[in-house]
Amino acid sequence: MTEIDQKGIYITTPIYYVNDVPHVGHAYTSIACDALSRFYRLKDKEVFFLTGTDEHGQKIEQAAKNRNIPIQDFVDGMSKNFQAMSNNLNLTNDHFIRTSSSKHKAGVQKFWEILNNNNQIYLDKYSGWYSVRDEAFYSEDELVDSKAPSGSPVEWVEESSYFFKLSSWESKLLDFYENNPDFVTPKSRFNEVISFVKQGLKDLSISRTSFSWGVKVPDDDRHIVYVWIDALTNYLTALEFPNLNSDNIRKFWPADFHIVGKDILRFHAIYWPALLMAAELPLPKKIIAHGWWTVEKEKMSKSLGNVIDPDDMISKYGLDQFRYFLLKEVPFGNDGDFSQNSLIARVNSELANNYGNLVNRVFSMTMKNLNGIVPEVEITERESDLIKISDEKISDYMVQFKIAEFSKAISSAMDIVSSTNKYIDETQPWKLAKDNDHEGLKRVLRTSLEMIRLISILLFPIMPDSSKKILNALNIKIDDKSNSFSGFNKIESLLPGATIKKLDLLFNKIDKTEG
Ligand code: ME8
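Within any chain, residue numbers begin from 1 and follow the written order of that chain's sequence. The model is predicted, so local features are restricted to residues of pLDDT at least 70 and side-chain atom pairs to those at 80 or more, both for listing and for counting; the totals for chains, interfaces and linings are taken over all residues. Hydrogens and waters are ignored; side-chain quantities use all the structure's heavy atoms.

Asks: For this particular structure, what's the right way to read the overall build of the protein?
Replies: Starting at the N terminus, helices and strands are each numbered in turn, a helix being any DSSP run of H or I of at least four residues and a strand any DSSP run of E of at least two. If you tally the helices and strands in the protein, you get 18 helices and 16 strands. The size measure is the radius of gyration over C-alpha atoms, and the globule rule it meets is 2.2 Å times the number of residues to the 0.38 power. Taken over C-alpha atoms, the radius of gyration comes to 26 Å for the protein, in line with the 24 Å a tight globule of 515 residues would show. Projected onto its principal axes, the C-alpha positions of the protein cover 90 × 50 × 40 Å. What makes two residues a contact is simply this: any of their non-hydrogen atoms within 4.5 Å. Considering only residue pairs separated by 6 or more positions, the protein has 79% of its internal contacts joining residues 24 or more positions apart. In the form shown here, the protein has an accessible surface area of approximately 21,700 Å², with 47% of it arising from carbon and sulfur atoms. Only the protein chains shown count as covering a residue, and every accessible area follows the Shrake-Rupley method with a 1.4 Å probe.

Put into structure tokens, the structure is as follows:
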């Protein structure tokens, strides 16, 4: 893939179905997108970060009916839960799209008309399997024990339907994949996509007639646009599509990162590019499919009663601790297990004992020995060594974060924490204080303060609140949308003579019994 150019960076979460309340899986995707958005803003990019809710289709219609609530009222209420999740997770999304909004619906109809005008749609009859839970069509040979491959129940459907000529895009898709070998990550999932396409694509049913909750097909309102066509189009309508001359479309389309769970990769990596090619629109640059969370080794499900509510985790362990754990625990793309004991262990060893301890001891020694005043110092070879390590780790961090390898990027930042703790253990500033070696003491504390500043900027996309508190105590202003990495790794960034502020303990050790 070519290097991302000067255009703005467009990052999207999937839009979440409102049949249910938000859980840790939704929180995970959203936090990942938020961290990536914050990272690119630090790199002086203009970012458009989109999230929202998917409010149409049979699944939502059934959920509202089961609860006996008028559908629009139901989706209004349920969408609010996801908007609250965005706030509670401290997301910096630039927009929250709702597919039941009239602007979005008009955009979907326009997208349909473009496809139709390009001779990409025809009317026929669908007979085959449909899973309401997955909102997906399945062929007979895809079923496993009479169920969808996801384990969802399927029903036989026979109805009049419009079709998209997906099959005619097979070779163009394969060419596109070949020319864009990083289009989907991880690679193993990309290979699955490619082999699925190579097995042959059938035309895709893109309208339904057996329910009414959705966008009406232009000029044929017996038909409702298939919810996935409606949903995928959100990535365009959020940028003011169909106005192709709008500032947002010009600045942000095509999307740079569609981040999705592996469950919905097929829709994003096959149907979406084919639809865009058919509509003669540029294709997204990258789709990242992340893995699946189990909970204490079990599939998360309502019937098992083990669904993790992000709000519970935030109130129990703290927001930044929760964000840190999710992004550090597994390499992005792999499946992970959400275990509260693992979360506690990670918070205690990596945040409390390592990072928190570094910050606390350096701040308290600076307060006690230097009245909180940042000293002016000359560095020695020992400091140069530490700076060399941190420079290497910063480069690693940049390489990894850019491609959403959060866990590796965090490890690089945490390596600087460990190296700085080691530097302090070796230089023993408490001993320098006792021995009245003021120059030595000042040098160690100033260097350590600079390292804390640097680490806190690196960790800002992951733990914005804590980083902000630390940086604020160092008199460095950082805000959610307008900061920059530029110049941050210069060691002389703190102002000598300035007084650092008192900082409360940020990462308390969690008692295991609290889990
Ligand atoms: O699929 N582990 O919405 P959805 C990790 N509306 N991530 C998980 C997860 C888990 N256990 N469970 C859910 C839809 N997710 C469509 C998307 S986009 C145009 C339309 C995350 O509410 C993961 O990102 O079922 C997954 O892709 C998304 O939630 C599915 O959310």
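Moving on from the coordinates now.
Asks: Help me understand the sheet that holds strand E11 (residues 216-217) in this model?
Replies: Hydrogen bonding along the main chain pairs the strands of a sheet, whether they run parallel or antiparallel. Two strands make a pair as long as DSSP finds a minimum of two bridges between them. With antiparallel pairing, three strands are arranged side by side in an open sheet as E10-E12-E11. One side of each edge strand has no neighbouring strand; the edge strands of this open sheet are strand E10 (207-208) and E11. Pairing of E10 with strand E12 (residues 220-225) involves two bridges; the strand directions are antiparallel. Following the sheet pairing, Ser 207 is matched in E12 by Val 225.

Asks: Explain the packing of aromatic side chains here, please?
Replies: Ring pairs (aromatic) are described by centroid distance and by the angle formed between their planes. Think of it this way: a Phe, Tyr or Trp ring, Trp meaning its six-membered ring, pairs with another when their centres are within 6.5 Å, and the plane angle makes it stacked under 30 degrees, edge-to-face over 60, tilted otherwise. As enumerated under the stated definition, the model contains 35 aromatic pairs in all. For the pair Trp 112 and Tyr 162, a centre-to-centre distance of 5.6 Å together with 85° between the ring planes defines the contact as edge-to-face. With Trp 112 in helix H4 (residues 102-117) and Tyr 162 in strand E7 (residues 155-164), the pair connects residues that are 50 residues apart, well separated along the chain. Each member of the pair, Trp 112 together with Tyr 162, is buried. Each residue is assigned to one of three classes by its accessible area relative to the maximum for its type, calculated with a 1.4 Å probe on protein chains only: buried under 20%, partly exposed between the two thresholds, exposed over 50%.

Asks: Sorry if this is basic, but what is going on with the packing of helix H17 (residues 438-458) against helix H18 (residues 464-473) here?
Replies: Working note: a packed helix pair is described by the angle between its axes plus the distance between those axes. Throughout, an axis means a line fitted to C-alpha atoms (over the contacting stretch in the case of helices), and angles, computed between N-to-C directions, take values from 0 to 180 degrees. Across the interface, H17 lies against H18 with an axial gap of 9 Å and an inter-helix angle of 150°. The orientation of H17 with respect to H18, classified from their angle, is roughly antiparallel. Handedness of the crossing formed by H17 with H18: left-handed. Residues Ile 452, Arg 453, Ser 456 and Ile 457 of H17 lie in contact with H18, whose contacting residues are Ser 467, Ile 470 and Leu 471. Residue classes follow a fixed rule: Ala, Val, Leu, Ile, Met, Phe, Trp, Tyr, Cys and Pro count as nonpolar, while Asp, Glu, Lys and Arg count as charged, and any other residue, Gly among them, counts as polar. Counted by class, the contact of H17 with H18 contains four nonpolar, two polar and one charged residues. If an angle is under 35 degrees, it is roughly parallel; if it is over 145, roughly antiparallel; if it lies from 65 to 115, roughly perpendicular; otherwise it is oblique. Left-handed describes a crossing whose near helix is turned anticlockwise from the far helix by less than a right angle; the clockwise case is right-handed.

Asks: How should I be thinking about unusual backbone geometry in this particular structure?
Replies: Trans is the prevailing form of peptide bonds, just as negative phi is the prevailing case for residues other than glycine. The omega angle of the peptide bond from Thr 185 to Pro 186 is -5°, so this bond is cis rather than trans. As for its position among the elements, Pro 186 is in the loop between strand E8 (184-185) and helix H6 (187-198). In the Ramachandran plot, Asn 371 falls in the positive-phi region, its phi being about 55° despite a non-glycine side chain. Given a relative accessible area of 61%, Asn 371 falls into the exposed group. Despite not being glycine, Asn 475 has its phi angle at roughly 65°, a positive value. Tracing the backbone shows Asn 475 in the segment after H18. Asn 475 sits in the partly exposed class, given a relative accessible area of 37%.

Asks: Before we go on, may I ask you to explain helix H5 (residues 170-179) in this structure?
Replies: Because each turn of an α-helix spans 3.6 residues, side chains separated by three or four positions end up pointing in the same direction. Within the span of H5, buried status applies to Leu 173, Phe 176 and Tyr 177. All buried residues of H5 lie within an arc of 100° about the axis, which places them on one face of the element. Relative to its buried face, H5 has exposed residues pointing more than 90 degrees away, namely Glu 178 and Asn 179. Structurally, H5 contributes buried residues whose contacts are with H6 and helix H10 (265-278). As used here, the arc belongs to the directions running from the helix axis to the C-beta atoms.

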